[in-house]
Every structure is written in structure tokens, then in C-alpha cells.
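Each chain, written out:
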Amino acid sequence: MASNPTKGHTCRMAKQTSMEEFEALLNESFEIDTPDEGSVVKGRVIAIEAGQAIIDVGYKMEGRVDLKEFANPGEEANLSVGDEVEVYLDRVENARGEASISREKARREEAWDRLEQAYAKEERVEGAIFGRVKGGFTVDLGGAVAFLPGSQVDVRPVRDAGPLMGLKQPFQILKMDRRRGNIVVSRRAILEESRAEQRAEVISNLHEGQVVDGVVKNITEYGAFVDLGGVDGLLHVTDMAWRRVNHPSEILSIGETVKVQVVKINKETHRISLGMKQLQSDPWDTVADKFPIGSVHKGRVTNITDYGAFVELEAGVEGLVHVSEMSWTKKNVHPGKIVSTSQEVDVMVLEIDEQKRRVSLGLKQTQRNPWEVFAETHPAGTPIEGEVKNITEFGLFVGLEGDIDGMVHLSDLSWDQRGEDAIQNYRKGDVVRAVVQEVDIDKERISLSIKAMENDTMSEAVDGVKRGDVVTAEVTAIEDGGIEVEYNGVKSFIRRSDLARDRQDQRPERFSVGDKVDVRVTNIDTKTRRLGLSIKAREIAEEKEAIDQYGSSDSGASLGDILGAALNRRG
């Protein structure tokens, strides 16, 4: 059977045409620009199933996106088949052979572009708080998530942020970092700006000296914030009343409506200072007339410090009783041990300084000076009895009437002992008898003497004796340096050099205890209780007397002859 060459040629021609068409289609497909991974592309919803939207993004690619990615926080997705949407292309093909796409990332990229423009222009952006995190909250800014610090939620701390959750509201972008994906926003900045505008409007209608009504919004240690209708003013604790106010809560409560005066307005900072006491008459206008210097008044102790106590004379007028004016006798005692808060006391007005609004008061001046009273009732020479309160190196302090002390100096303890020795005989708490020597009211000193309670043996012993007299004393002790003798109960020490005129006789051992010796009085000191005696002085005086009486040695007679004659004549 013969072949048909025409038919074979036709088949080859058809096959060649098909190859050319396929090649053309292939080249056409290569010429289509496949979108880059990591970019935003447009797509169309072709189906919704199992909580996902199937989206044809073109380029013969389809992908799946969870419906929740199309919903705003707290809302359901509003999406239908045929809707055109923008999605983010993560990968051209995933493990299922589909395009890996994301609506959320697309919204984020779109949002970042929009937010960066707003940030550059310092414009507000709209968002909704949808979650709580450590240190603050998360905010959805139309696809981008921002951090809202707790301190930036409101102008004052917010205890319950529940009412703010999910609510669309404006925010101010404080900081952006696209590379790290960080956005920090502030709601407080918006509120402060609004408040500033509102404050400016309210303040423009206020003037210093104006009396207005306000509502107490907050109370602190130093005062209260009062709402004047959109703007707050500070009512300082010192401007609440003329009297001392320890804490604002004593006279104010939150929510209370009060009448205040505008004391000062700072146009730059928009700060308003308010006052309540300015609406009342100043009690200091009549202080000088009501409380003249030297007058005594009853007051109430309002405050106690280390340096004194404040006493309220009337509402708004306080005076200070300095610690030095609190008691005549309690010098180094804390004021709290003399008076107590709220105690009523009698005080004397000592000084008034109207410019500084100060009154100096005295508590002790309402009582008589105990030293004056003691001086009147115990003149010099009066015997007293008291307890030893303290012992010092210079004497004893004895408690007296009126809660005052008198001092017995060392020199007034004993006639016979040295003060340093005599003070060893006393102990704190001992009851002693003494004589009042002197009362110095100005210096608040009372001098006492214990030894004055007894007779002065020294004075009695030397009564009628004067320097140069020769007296007879008894030897009571022999020592290397001399001998101790006693005259009328007064002891004295005669040194070796005063035992004789001649050196060879200046030997203590030539005397015995009990010997009677004639001595010359060389000194009498009643203050130091010393009686100066000397055998040598007596011998020299006798020699001089003999020479004057019987002639000098120039007459031919020897000293021995003269003394012998004098002694014979005396015998």
C-alpha cells in the first residue's frame, strides 16, 4: 500500500505549530513578574471554609488566611467571597504547594507606613487598648501593636483600666523602631494637651483676688487640689485657716464644695494658688491690743518640738514658749516632759513681732521665781536640811524647797579636814544640815556651809593669840622632817630647820612624844587652818631680847654670860 506524502507533511506541520504555541505561552509566563517574597500583594477571596479565607493572589497562586486576621480586636471578621484584600506574601510556595500569606502582616506593614508618617508629622494616631502586659498595656494601632506604659495611661494613676479596654481613642507616638518592631505611645500626652487647652480657657476667665467655688478632688500631706471647673488649683495647708492645721483632712473632705479665693496665677505654668483663710479677717490685726506684753492668758498646747512648745492663744494666733522659758528649775529637760499636746496652760506674753507674726511666751513667768521665794524665807545664817542630790569635784549639791539646789563648796565641808578628804564622807541621798551663806537671785545660786553648823575650833584655839606670842605646845609625833605638835586642839608641824637656832640641835630625835615645848607663833591663817610655830624663832627672839636688856657683846661680856645672867634672873 503506497504512502500518502501529503498527509505526513501535514502532521509534521501541525506538530510544529503546537510546539511553537506552547513555547510562546511558556515565554509569556516567564515574562510575568512574580511578586517578591516579603511584599504586600492584592488578592480576591474565592472561598471561606473551616474558619479560613482562601485567597487568589494571582500569578496562579492561592493561599489561606485565618478569618480572625481580618477582624478588629473584640470584633468578628466582616469578609465575603469576592472581596478584594491586601495580604502579605511570606513565601511563594509552602509545604502544601500554596502561597504562604498573612493579612495581619499586611495590615502591620500598611500600619507601619502610616504610623511613620504620623510620627514624622507629630500627629495623633487612633488605636485601642486590647491587652495588659508587665509595666503597661498593648495597643492595636490598626495592625501594628504598640506598648502603652502604665505611667502614660492618664494624668493620674489609673487603678482600673477596664473601661478603657477596646475603646478607640487617640494616642501620641513617643518612640518608633521599625527594625526592632517597637512602638511606644502615650494617652496621657493627649489628655494633658486637652487639659492645657481647657486650663488656658478657664484661667483666662480667672483673676487674682477672685472668689470662686470649687470641689475638693484630692488631699495630700501639704494641701488639697480643688477643681475649679476643668482646672485644678492648689489650696496649701497654710492657706486653709489662720490657725495651725496639722493635716488638711482635719477641715476638708474629698468631694466637698468649698469657697476659695484665687491667691496667685502663674500664666506660664498655669498653676493656681488658692486660699480659704483670706476670706476671713486676720486675727493678727488685733494681737497687740488683745495680748499686751506682760499680760497672762490661758492657751492650748498645739505642738511640741525640741526647742519649745507652741501655744494657741486664739484661733490663728500661736506663740512659742521657748524651752528656756518653760521652767525655773528644769533646765535640760525636753519640753514634752513639762507639757503635753492639747494641755491648757497659763502663759505670759514676753514679746510680739507683728511683721514676722511671732509671739514669744513664757510659762515659768506665771509662777514666782523660786530663788526669790527662798531668799525671802531663808536669809543668810538660816539653817536648812536637805538631801545630797549630786557630788562633784568642787562640792555637794543639796536639794532645797521649791525644787531648787544649793551648793556646799569643798571649803565649807569641814573645819578640820581638807575639802578633798571631807567630801569622801558623803554619799548621794545622804541628808545633811547646813547654813545658808548667800543667795544670788540673778545667777540662781545658793551657797551653803556644813561646817558653819559647828564652832570653829581653830578660831577658838587661837582666840587672843597673835603673831610673835610664845605658847606651850605638846609633841604628838616625831618624823624625819620635823615634829608634830598640838596647841589647844590645833595641830601644827615644825620643820627640822625650825627646831633650834643651832644646826647641831636641829634633830627631831632629841624630842619625845608628850614633851612640852615653848614655841613662837609665826603665822595664823584661819582660812587655810594653819598655825605656824617655831622653836628657832623663839630662841632668836629671846637672844635679841637678852642682848637688848643686858648689853651687847661689845661690852666685854660673852653671849653665854649674857644668856646665863638672863636665865638666872628669870629663874
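- Looking at an unreviewed UniProt entry, one finds the protein named 30S ribosomal protein S1 and attributed to Paracoccus chinensis.
- In its Function (unreviewed entry) section, UniProt records this for the protein: "Binds mRNA; thus facilitating recognition of the initiation point. It is needed to translate mRNA with a short Shine-Dalgarno (SD) purine-rich sequence."
- UniProt, in its Sequence similarities (unreviewed entry) section for the protein, records the words "Belongs to the bacterial ribosomal protein bS1 family."

### Structural notes on the nonpolar core
Grouped burial of nonpolar side chains is what soluble globular proteins tend to show.
Link 1 in the chain: Counting 21 residues, the largest nonpolar core has L396, L400, L413, L448 and I450 as the members making the most contacts within it.
Link 2 in the chain: Sorting the residues of this core by element identifies α5 (370-377), β21 (383-392), β22 (395-400), β23 (404-409), β24 (431-440) and β25 (445-449) as the ones contributing at least two each.
Link 3 in the chain: If you look at the next biggest cluster of nonpolar residues, it comprises 20 residues, including A111, A118, V139 and F171.

### Structural notes on the sheet that holds strand β18 (residues 317-322)
Link 1 in the chain: Spatially, β16-β17-β18-β20-β19 is the arrangement adopted by the five strands of the closed barrel, whose pairing is mixed. Between one strand and the next, the sheet's axes are offset by a mean angle of 50°, whatever the strand orientation.
Link 2 in the chain: The pairing of strand β16 (residues 296-305) with strand β17 (residues 308-314) spans five bridges and is classified as antiparallel. Across the sheet, residue I304 finds its bridge partner in β17, namely A309.

### Side note on the pairing of strand β26 (residues 470-479)
Link 1 in the chain: Sheet topology places β26 next to strand β29 (residues 516-525); five bridges connect them, and they run antiparallel. Note that in β29 the partner of V471 across the bridge is V519.
Link 2 in the chain: Two elements, β26 and strand β27 (residues 482-487), share five bridges in a ladder whose sense is antiparallel. Its bridge partner being in β27, V475 is matched across the sheet by V485.
Link 3 in the chain: Taking the residues that link successive antiparallel strands as the turn, the β26-β27 hairpin has two residues.

### Comments concerning the sheet that holds strand β12 (residues 223-227)
Link 1 in the chain: Taking strand neighbours around the barrel as the criterion, the five strands line up as β11-β12-β13-β15-β14 in a closed arrangement whose pairing is mixed. Averaged over all adjacent pairs, the angle separating strand axes in this sheet is 50°, with direction ignored.
Link 2 in the chain: Across two bridges, the pairing between strand β13 (residues 232-236) and strand β15 (residues 271-275) is parallel. In the strand pairing of β15, L235 is matched with L274.

### So, unusual backbone geometry
Link 1 in the chain: Located in the positive-phi region is D403, a residue other than glycine, with phi close to 60°.
Link 2 in the chain: Residue classification places D403 among the exposed positions, given a relative accessible area of 54%.
Link 3 in the chain: Non-glycine residue E444 carries a positive phi angle of around 55°.

### Some thoughts on the pattern of salt bridges
Link 1 in the chain: If you walk through the whole model with that rule in mind, you get 28 salt bridges.
Link 2 in the chain: When the shortest N-O distance is used, the salt bridge between R64 and E49 registers 3.2 Å. Of this pair, R64 sits in strand β3 (residues 61-66) while E49 sits in strand β1 (residues 39-49), placing them 15 residues apart in sequence.
Link 3 in the chain: For R64, a relative accessible area of 26% corresponds to the partly exposed category.
Link 4 in the chain: Assessed through its relative accessible area of 38%, E49 is described here as partly exposed.
Link 5 in the chain: Taken together, the salt bridges that share partners define one network made up of D113, E116 and R178.

### Observations concerning the pairing of β15
Link 1 in the chain: Bridge count for strand β14 (residues 257-266) against β15 is five bridges, and the pairing is antiparallel. Counted as the bridge partner of Q261 is G275 from β15.
Link 2 in the chain: Connecting the antiparallel pair β14 and β15 is a turn made up of four residues, with H270 showing a positive phi of about 60°.

### Observations concerning the packing of aromatic side chains
Link 1 in the chain: Under the definition given, this model contains two aromatic pairs.
Link 2 in the chain: Residues Y307 and F310 carry aromatic rings whose centres are separated by 6.4 Å and whose planes lie at 85° to one another, so their mutual orientation is edge-to-face.
Link 3 in the chain: Judged by relative accessible area, which is 17%, F310 ranks as buried.
Link 4 in the chain: When the ring of F394 is compared with that of F397, the centres are 6.2 Å apart and the planes differ by 80°; the resulting orientation is edge-to-face.
Link 5 in the chain: A relative accessible area of 37% means that F394 is categorised as partly exposed.
Link 6 in the chain: For F397, a relative accessible area of 23% gives the class partly exposed.

Thresholds, definitions, all that
Numbers given for residues are sequential positions, taken from 1 along each chain in its written order. Restriction of local features to residues with pLDDT of at least 70 applies here, the model being predicted, together with a cutoff of 80 or more for giving and counting side-chain atom pairs; totals for whole chains, interfaces and linings are based on all residues. Based on all heavy atoms of the structure, the side-chain values leave hydrogens and waters out of the count. UniProt positions are given in the numbering used here, feature names are shortened, and annotations may be inferred rather than shown by experiment. The criterion is simple. A nonpolar core is a set of buried Ala, Val, Leu, Ile, Met, Phe, Trp, Tyr and Cys residues joined through side-chain atoms within 4.5 Å. We call a residue buried when its accessible area falls under 20% of the maximum for its residue type, exposed when it is over 50%, and partly exposed in between, using a 1.4 Å probe and counting protein chains only. The numbering of helices and of strands both runs from the N terminus, where a helix is a DSSP run of H or I of at least 4 residues and a strand a run of E of at least 2. Paired strands, in this sense, are two strands between which DSSP finds at least two bridges. As a rule, the C-alpha atoms of each element are fitted with a line to give its axis, helices using only the stretch in contact, and angles between N-to-C directions run from 0 to 180 degrees. Any carboxyl oxygen of Asp or Glu that lies within 4 Å of a side-chain nitrogen of Lys or Arg is treated as forming a salt bridge with it. We call Phe, Tyr and Trp rings a pair once their centres come within 6.5 Å, taking the six-membered ring for Trp, and we label the pair stacked below 30 degrees between planes, edge-to-face above 60, and tilted otherwise.

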